[in-house]
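What follows is each chain in one-letter form.
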Amino acid sequence: MPINMPIALPDALLSRLSDFLASQVGLHFPRERWRDLERGIAAASRESGYAQAEAYIHWLLAAPLTRTQIEGLASQLTVGETYFFREKRSLDILEQQILPELLRARGETEKHLRIWSAGCCSGEEPYSIAMLLDRLIPDVEKWNLTILATDINPRFLRKAAQGVYGEWSFRDTPAWIRERYFKRRKDGRFEIQPRIRRMVSFSYLNLAEDAYPSLVNGTNAMDVILCRNVLMYFAEARARKVVDKLHRSLVDGGWLITSPAETSTVLFSAFTTVEFPGAFLYRRMAAAGPRTTAVRYQAPWYEGEAAAAHAPAPAAPSEPAAFSVARSAFAPEVLHKAGGEQAKEAEDADSPEHDEREMPRRKARACANDGRLAEAIEWCEKAIAADKLNPAHYYLLAAICQERGQSETAERALGRALYLEPDFALAHFALGNLCLSAGRRREARRHFGNALTLLRACPADALLPESDGLSAGRLVEIIASVQASLPRAHKELAA
């Protein structure tokens, strides 16, 4: 649609559609954005097989939509427009001030760092972060780095996982970035280096609806969250809920980076607003109470040039990695056999004996959510020592080990959990993700299939224990959505 074409749909219909989207999808389209709404709804109508957008709107307003349909509509109405090192000022602050401080502190203890690109679109933002870290850390292979990238649009995630981009993704990007981190293909496009691609984990996540922070989807204990040009699409009430969950997803001292257009002392009142030259960022501080007053950031004395780049890592497998539902996909409880019944709780859950028995596992989970992974491992080992036959303890141990980058240990723990409980659906699912990440597709297919069989035997609205509200039906939807968007090389997983 030409940019100067007048709005063709009736105002009354666009008003009804705008109200519908605000209430059902959480997207905010005031009158001044109706042109964007009309363009998006025209694309959505074509995708759904409607020749006329007006007929499609009437169908939307009349028919109850499934969650999958709502999310598909949301992906059409949000702009998938991004490029490498977009909004460079905030990335400069991240590279020159925030990351050096974090790396210095973590380099003296356990070398780990967790960053989340929330609303990653086609992957340019998280790959930009990976390139920053590659430049800043000379011994990157010794670090446990997590760059989690999530989006609601499976097509964006598929493109991101492939890591192949055209010239338009490099506008306003220094030429040396493309020369250093990309390989030109015969078709004229550019493929990102495998070692940079391997640094990013792409996952499906609906910021408006899904549960986070959570060990299930790896959104807990983040040091930095980038959520740029996403909140502007949400109605105010939905945006407040998203910001609250992002706040809880950060460790104390963690940073939230938004776009300049989303700056708001009201929306981010739970954060400390930190003023940098030319930008405002938000920080979660340990002290209780809202922090609405901006403070000026004082650069540390060691701020300076980035470290020299390290030698390239060994070559990656030839085929692109598929994105997974989540980096971890763990929840420390058992889903039992054909009927999908949850594990039986202790007869008297309120008894002191029960509290004492459950305390190590609760402590382990709390430490993991706060990012204290070594301490979490210690509590998990205490839980196992007290009850060696409880598969839930091994499941939690696997989740924590995965966050520490100890994939082999995580696999062994999941194997132990499945030995004790062969019908442990979430353990099958988590092990499938680990196998897929390792390129063992046959094993991944088997574990994903087992998980789906068990989940589909449950009532769709049955909440999976300790999953922060994730239902069996929702997890089935997520797996199905991801499988439908896997690169061709991984289509067999959907069987």
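About the criteria used
Residues numbered from 1 in each chain as written. Predicted model: local features only at pLDDT ≥ 70, side-chain atom pairs only at ≥ 80, totals over all residues. Heavy atoms only, no water. Helix = DSSP H or I, 4+ residues; strand = E, 2+ residues; numbered from the N terminus. Buried < 20%, exposed > 50% of the residue type's maximum accessible area, 1.4 Å probe, protein only. Contact = heavy atoms within 4.5 Å. Areas by Shrake-Rupley, 256 points an atom, 1.4 Å probe, with all protein chains shown as cover. Core = buried A, V, L, I, M, F, W, Y, C linked by side-chain atoms within 4.5 Å. Axes fitted to C-alpha atoms, helices over the stretch in contact; angles between N-to-C directions. Parallel < 35°, antiparallel > 145°, perpendicular 65-115°, else oblique. Nonpolar A, V, L, I, M, F, W, Y, C, P; charged D, E, K, R; others polar. Pairing = 2+ DSSP bridges. Left-handed = near helix turned anticlockwise from the far one by under 90°. Expected span 1.5 Å × (residues − 1). Arc of directions from axis to C-beta.

1. Comments concerning the overall build of the protein chain
Here is step 1: On a plain count of helices and strands, the protein chain comes out with 17 helices and 11 strands.
Here is step 2: With 495 residues in all, the protein chain has 55% of them scored as buried.
Here is step 3: Counting contacts in the protein chain only where the partners sit at least 6 residues apart, residues at least 24 apart contribute 71% of the total.
Here is step 4: In the structure as shown, the protein chain presents an accessible area of about 22300 Å², 52% of it carried by carbon and sulfur atoms.

2. Let's talk about the nonpolar core
Here is step 1: In terms of nonpolar packing, the biggest core is built from 140 residues, with I41, L73, W116, M131, L133 and F182 touching the most fellow members.
Here is step 2: Considering every element that reaches this core, the biggest residue donor is helix α15 (residues 425–437), with eight residues.
Here is step 3: Not counting chain neighbours up to four residues away, the residues in contact with L73 comprise F20, L21, V25, I41, A44, Y56 and L60.

3. As for the packing of helix α1 (residues 11–24) against helix α2 (residues 34–47)
Here is step 1: Viewed as axis vectors pointing N to C, α1 and α2 meet at an angle of 80 degrees, and their least axial separation amounts to 11 Å. Between α1 and α2, the angle is such that the two are roughly perpendicular. Packed against α1, whose contacting residues are D11, L14, S15, L17, S18 and L21, the element α2 presents W34, L37 and I41 at the interface.
Here is step 2: When its residues are assigned to classes, the contact of α1 with α2 shows six nonpolar, two polar and one charged.

4. Focus: the sheet that holds strand β4 (residues 182–184)
Here is step 1: Strand order in the open sheet formed by three strands is β3-β5-β4, and the pairing between neighbours is antiparallel. Two strands bound the open sheet, and with one partner strand each, they are β3 (164–165) and β4.
Here is step 2: Bridge count between β3 and strand β5 (residues 190–192): two bridges; the pairing is antiparallel. The residue bridging Y165 from the neighbouring strand is F190, located in β5.

5. Re the packing of α2 against helix α4 (residues 67–77)
Here is step 1: Axis separation between α2 and α4 bottoms out at 8 Å; the angle between their running directions is 130 degrees. Considering their axes alone, α2 and α4 lie oblique with respect to each other. Here α2 runs over α4; the crossing is right-handed. Listed contacts from α4 to L37, G40, I41, A43, A44 and E47 of α2 are L73, Q76 and L77.

6. Concerning the pairing of strand β9 (residues 272–276)
Here is step 1: A large share of β9 lies buried, amounting to four of its five residues.
Here is step 2: Relative to strand β10 (residues 279–283), β9 runs antiparallel, the two sharing five bridges. Note on β10: the bridge partner recorded for T273 is Y282.
Here is step 3: The turn joining β9 and β10, which pair antiparallel and follow one another in sequence, is formed by two residues; a positive phi near 85 degrees is taken by G278.

7. Digging into α1
Because the α-helix completes a turn every 3.6 residues, residues three or four places apart line up on one side.
Here is step 1: Taking 1.5 Å of rise per residue, the 14 residues of α1 would be expected to cover 20 Å, and the 20 Å separating its terminal C-alpha atoms lies within 8% of that figure.
Here is step 2: Among all positions of α1, only L13, L14, L17, S18, F20 and L21 are buried. Burial along α1 is one-sided: seen end-on, the buried residues are contained in an arc of 165 degrees. Opposite the buried face of α1, at more than 90 degrees from it, the exposed residues are A12 and D19.
Here is step 3: Those residues of α1 that are buried are in contact with α2, α3 (53–62) and α4.
Here is step 4: Just past α1, the residue G26 takes up positive phi, approximately 85 degrees.

8. Considering the environment of L436
Here is step 1: Of note, L436 is situated in helix α15.
Here is step 2: Sequence separation of L436 and F448 is 12 residues, and the distance between their C-alpha atoms is 9.9 Å.

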